[in-house]
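Commentary on secondary and tertiary structure
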Amino acid sequence: MGRTGPFTGQSVLLGTAPLRFGRKSDNDVVIVSTKASRLHAEIVVEDGSYVLHDRDSRNGTHVNEQRVTRHVLASGDVIRIGDETFRFETQEAMETVMDLSQADLPPAPAADPGLLRVTVVGGGPVGLAFALLLEDALEGNVALTVYDGRWTRRGSEVVWKDETQGNVRRQQVVTIQSRQYLALTEEMREALFGAGQFSEMWPVGPDSVAGRPPRNIRIAYIEDRLLELAARKPAIRLVPRRLDVEEHEARTAQEHVLVISDGGRSRTREHYIDRFGRADSSVYSLDGEHLHDLVLGLRVKSPLPDPTSVLLTVSQNRFLLNSLRGEGFLNMRLTREEAKAVVGIDPERQVFADCVAARPCVMSRQEDNEFVCPTHGTLFLPALLRGSVLWKRIQEGLRMFGVPEEDLSAITSFRLDMVQRPRFTAQLRRATASGPGTYGFLLGDAANAIHFWPGRGLNSGLASATSLARSLSRAWRGRPLRDADFIRHEAAMSMLQYRHKSRAWNAMVATDDKGVTRAIKDIIARSTEPLPDARAGAGEGGSDLEGLLERIAAIRERLAPRMPGLPGDEELRAHLSALAPSTLRTLRESGAWDTLIVGGEEVDIDLFYQSDAPVYVPRPSGPRDEPRDPRDPRDPRVLGHEPGPPEAVAGPRG
């Protein structure tokens, strides 16, 4: 199996004939590296084993980074020839799972060829949504097993663990776009969107379908309802433990599909990193530094009406309130210095800990007004130092959204990061006489953990689950799956990645009138620096307020046709005047959300799965056919323009 280099992900099925490696074109595997010799190495069968021989190469042949002249290959051995590496794998004695168009795939297993066997790693909203969508699409022809270590058994039920069992439930409110929730089954929508369980806080926009606005809903509620629904499906088996990939290697080898949806820090993805490829973070760098943000999540209860909260949120880049009838998280973008202050302190050992910033953890308010991490027993240090700079700025954010300090009930943090993933689909094992062949897929945060604000990941996660369920339901015919079955899904995933990475970049940087691009967190940091004496004494706070009100008025004018109940100038002036001049300066200089870029249209998964898309079929030319300019939009042979006669358009595509 190719591990690195041009043959990555490709493979060769070894038989009785020797397999030769080298630069010369008549070798079985041609190595393009200049470090390879013309005939570099050869694998031959000796006494029932596959043996690697170095053929007097100039730079040597290496197995597991040890130079060898002769080596009996064992499963898992890594061979390096020149700059390229290969891994030797065996299924059973004398049988290797590989194919480079040198051997036909063996037939699918005879035992119940109509049943698609799927393992899902990670039972969060994305993993459960995928399982339910596929169960609905392949009813009676699929068996799904879903693993999650955050579950436990309560009698005959599988439920989410609570804090006493080491699982702090996520209480964030997330915004689901209509394009995503309308793609769910009717049964799933009924389970999620009961009366009083969601709100429609944000207005209809270009990403809305059929005039339906986005819906705000608690992520823990989504998790509960989908788990209950999955438990009622005989085709879905719920396993309340984390899947150890190495321990279950033999089991997963008998599955057709392994779905990896266990989060941005997925251990399963890292186990198969050679197949999916390593993420590239250099694409999202500014001045040579990989760009990321740390956001402080403050669980609050705001008395402000939704229209006012929306207007205040989109008018600046420091705070974002996402709530369900006022209850949710106020997310605060931190500067570099502020991020260093997000630490906990162990009250017994008197040592600092970064659990709230690194894991992250949720620190809940206790009776003595201290914020405690139940997992690590640490206290939120800035809350203990009430006079600290960070705590004062947190209080200003609460004041901006009318939140009394006693209604701040918990503190957590989110890391906003951007990476480029090379692929989302990989063949983990080839089909053999003893195994069906296994395809692996990255979904949710395991695929795209590059969200430009907390909660955005659920939309791309649901879209990825919808896409994979559609691809599998179309492809499954009881035969081994192929790369070609997932071209549409891989295209949809790449489009999701592009949407997020482009929005993420524009949510993390801003370009001024002179064309200079800076990180927004650095713009905020600069706004917090002391003003020169001349400016400080010139009523600068008043001009900041007027500038902010002017910006808000322009935004309100755009939103008013889609969002009734927006506050007037005097109401806003009275509300914002209560903020400190330094806060007003930060709000103004941070800039408004670039909603035209950060918002915009959601990825339309339907685009990749239309069954009636026209297919171009050339019309036979004859003496009566007059030549036409191919740029002429009236020419029926130009794809995407007016339809021509019947023979120019084929029937529906499957």
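Per an unreviewed UniProt entry, the recorded name for the protein is FHA domain-containing protein, and the organism is Streptomyces griseoaurantiacus.

Concerning the confidence of the model for the protein
Chain-level pLDDT for the protein is 82 on average; 85% of the residues reach the 70-or-more range. Across residues 612-654, confidence stays below pLDDT 50; counting only partners more than four residues off in sequence or on other chains, it has 36 contacts.

Concerning the sheet that holds strand 7 (residues 66-68)
Read from one edge to the other, the open sheet built from five strands follows the order 1-10-9-6-7, with strand pairing classed as antiparallel. Because the sheet does not close on itself, it has two edges, and the strands there are strand 1 (2-4) and strand 7. The sheet shows a mean angle of 35° between the axes of neighbouring strands, direction not considered.

Points about the pattern of salt bridges
Side chains that differ in charge, positive against negative, can pair when their charged atoms come close. Within this structure, the stated rule accounts for 31 salt bridges. The closest approach of N and O atoms between R318 and E338, which form a salt bridge, is 2.7 Å. In this pair, R318 is assigned in the loop between helix 8 (306-314) and strand 22 (319-324) and E338 in helix 9 (residues 336-340), connecting sequence segments 20 residues apart. We classify R318 as buried; its relative accessible area is 3%. For R336, the salt bridge is made with D522, and the minimal N-O distance between the two is 2.8 Å. One end of the pair, R336, is in helix 9; the other, D522, is in helix 15 (residues 520-527), with 186 residues separating them in the sequence. Assessed through its relative accessible area of 32%, R336 is described here as partly exposed. When its relative accessible area of 27% is taken as the criterion, D522 is described as partly exposed.

Notes on the sheet that holds strand 8 (residues 70-72)
Taken together, the five strands give an open sheet; going across it, the order is 3-2-4-5-8, and neighbouring strands pair in mixed fashion. Of all the strands in the sheet, just strand 3 (29-30) and strand 8 have a single pairing partner and so form its edges. Here six bridges tie strand 4 (residues 41-46) to strand 5 (residues 49-54), and the two strands are oriented antiparallel to one another. Residue pairing in the sheet places V45 in a bridge with Y50 of strand 5.

Some points on helix 8
A large share of helix 8 lies buried, amounting to nine of its nine residues. By the burial criterion, the buried members of helix 8 are D306, P307, T308, S309, V310, L311, L312, T313 and V314.

Concerning the packing of aromatic side chains
Across all of its chains, the model carries 10 aromatic pairs by this definition. When the ring of W151 is compared with that of W160, the centres are 6.1 Å apart and the planes differ by 90°; the resulting orientation is edge-to-face. As far as the burial class goes, W151 and W160 line up, both buried. With a centroid separation of 6.4 Å and an interplanar angle of 25°, the aromatic rings of Y439 and F441 are classed as stacked.

Topic: helix 4 (residues 219-231)
With 13 residues, helix 4 extends 18 Å from end C-alpha to end C-alpha; this agrees with the ideal 18 Å at 1.5 Å per step. Most of helix 4 sits inside the fold, with 10 of its 13 residues counted as buried. Within helix 4 the residues assigned to the buried category are I219, A220, Y221, I222, E223, R225, L226, L227, L229 and A230.

Re the packing of helix 1 (residues 125-137) against helix 4
Axis separation between helix 1 and helix 4 bottoms out at 9 Å; the angle between their running directions is 35°. When the axes of helix 1 and helix 4 are compared, the crossing they make is left-handed. For the pair formed by helix 1 and helix 4, the contact residues are P125, L128, A129 and L132 on the first element and I219, I222, E223, L226, L227, L229 and A230 on the second. Taken together, the residues of the contact of helix 1 with helix 4 break down into 10 nonpolar, no polar and one charged.

What counts, and where the lines are drawn
Residues numbered from 1 in each chain as written. Predicted model: local features only at pLDDT ≥ 70, side-chain atom pairs only at ≥ 80, totals over all residues. Heavy atoms only, no water. pLDDT = per-residue confidence, 0-100. Contact = heavy atoms within 4.5 Å. Pairing = 2+ DSSP bridges. Helix = DSSP H or I, 4+ residues; strand = E, 2+ residues; numbered from the N terminus. Axes fitted to C-alpha atoms, helices over the stretch in contact; angles between N-to-C directions. Salt bridge = Lys/Arg side-chain N within 4 Å of Asp/Glu carboxyl O. Buried < 20%, exposed > 50% of the residue type's maximum accessible area, 1.4 Å probe, protein only. Phe/Tyr/Trp six-rings, centres within 6.5 Å; stacked < 30°, edge-to-face > 60°. Expected span 1.5 Å × (residues − 1). Left-handed = near helix turned anticlockwise from the far one by under 90°. Nonpolar A, V, L, I, M, F, W, Y, C, P; charged D, E, K, R; others polar.

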